[in-house]
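# Tertiary structure, described
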Amino acid sequence: MKLKFMVLLALLAPMLVYVVQNGALVPIRFLKWECAVSQALLVLSSLLVGVILGLFLSHAQKNKEKNRQKKAEKKAKKLKKTEEKLKKQQEKQQKQDEVKGADQSHEDNNNGQV
């Protein structure tokens, strides 16, 4: 906790110095609007907008990865179910083949005895 506070102070101190030294008004023109804003306020607000956009894009990327992972998990479950169905069908087919083989060998034994 103390380390975080020290890091915060180390980052805030230069920022405060910058704000105090760059208080001059700067004209801003955008289309038909025009206003004068402190240079420090302009730079800090630009930084804030950049940080917010970065966080938003990072969050969007994480959500995209989660969605990919969920789709992959669904696919894996579907494949597992299909695999289990095929296994059951194979077992059923093997049992049917065994029964047919046993019946056929039994018939062959009966035909040979006659």
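Note that this is a predicted model, so its numbers are computed, not measured.

Cut-offs used in this document
Residues numbered from 1 in each chain as written. Predicted model: local features only at pLDDT ≥ 70, side-chain atom pairs only at ≥ 80, totals over all residues. Heavy atoms only, no water. Helix = DSSP H or I, 4+ residues; strand = E, 2+ residues; numbered from the N terminus. Buried < 20%, exposed > 50% of the residue type's maximum accessible area, 1.4 Å probe, protein only. Areas by Shrake-Rupley, 256 points an atom, 1.4 Å probe, with all protein chains shown as cover. pLDDT = per-residue confidence, 0-100. Patch = residues over 30% accessible without salt bridge, like charges linked within 9 Å, V, L, I, M, F, W, Y side chains within 5 Å. Salt bridge = Lys/Arg side-chain N within 4 Å of Asp/Glu carboxyl O. Pairing = 2+ DSSP bridges. Lys, Arg positive; Asp, Glu negative; His and termini not counted. Charge placed at Lys NZ, Arg CZ, Asp CG, Glu CD.

### Observations regarding the overall build of the protein
Along the backbone of the protein there are two helices and two strands. Beginning at the N terminus, the succession of helices and strands in the protein can be written as α-β-β-α. Taking all 114 residues of the protein together, 3% fall into the buried category. Just so you have it, the protein exposes about 11200 Å², and 63% of that area is on carbon and sulfur atoms.

### Concerning the confidence of the model for the protein
When pLDDT is averaged along the protein, the result is 85, and 89% of the positions lie at 70 or above. In the model of the protein, helix 2 (residues 39–113) stands out as the element of lowest mean pLDDT, 84, in contrast to strand 2 (residues 33–38), which has the highest, 91.

### Focus on a nonpolar patch on the surface
Together, Phe5, Met6, Leu8, Leu9, Leu12, Met15 and Val19 make up a nonpolar patch on the protein surface, roughly 590 Å² of accessible area in all. Take Leu8: it is sitting in helix 1 (residues 2–21).

### Details of the pattern of salt bridges
Where side chains of opposite charge bring their charged atoms close, a pairing between them can arise. For the coordinates displayed, the defined rule picks out two salt bridges. Arg68 serves as the salt-bridge partner of Glu65, at 3.1 Å between the closest nitrogen and oxygen. With Glu65 and Arg68 both in helix 2 and three residues apart, this pair spans about one turn of that helix.

### Comments concerning the pairing of strand 2
Here six bridges tie strand 1 (residues 25–30) to strand 2, and the two strands are oriented antiparallel to one another. Its bridge partner being in strand 2, Val26 is matched across the sheet by Val37. Between the antiparallel neighbours strand 1 and strand 2 lie two residues, among them Leu31 with a positive phi of about 50 degrees.

### Here's the deal with a positive patch on the surface
Together, Lys62, Lys66, Lys70, Lys71, Lys74, Lys77, Lys81 and Lys85 make up a positively charged patch on the protein surface. By the element assignment, Lys70 lies in helix 2. Among the residues examined, Lys70 registers a relative accessible area of 53% and is labelled exposed.

### Things to note about the environment of Val43
Looking at where Val43 falls in the secondary structure, it is placed in helix 2. Judged by relative accessible area, which is 39%, Val43 ranks as partly exposed.

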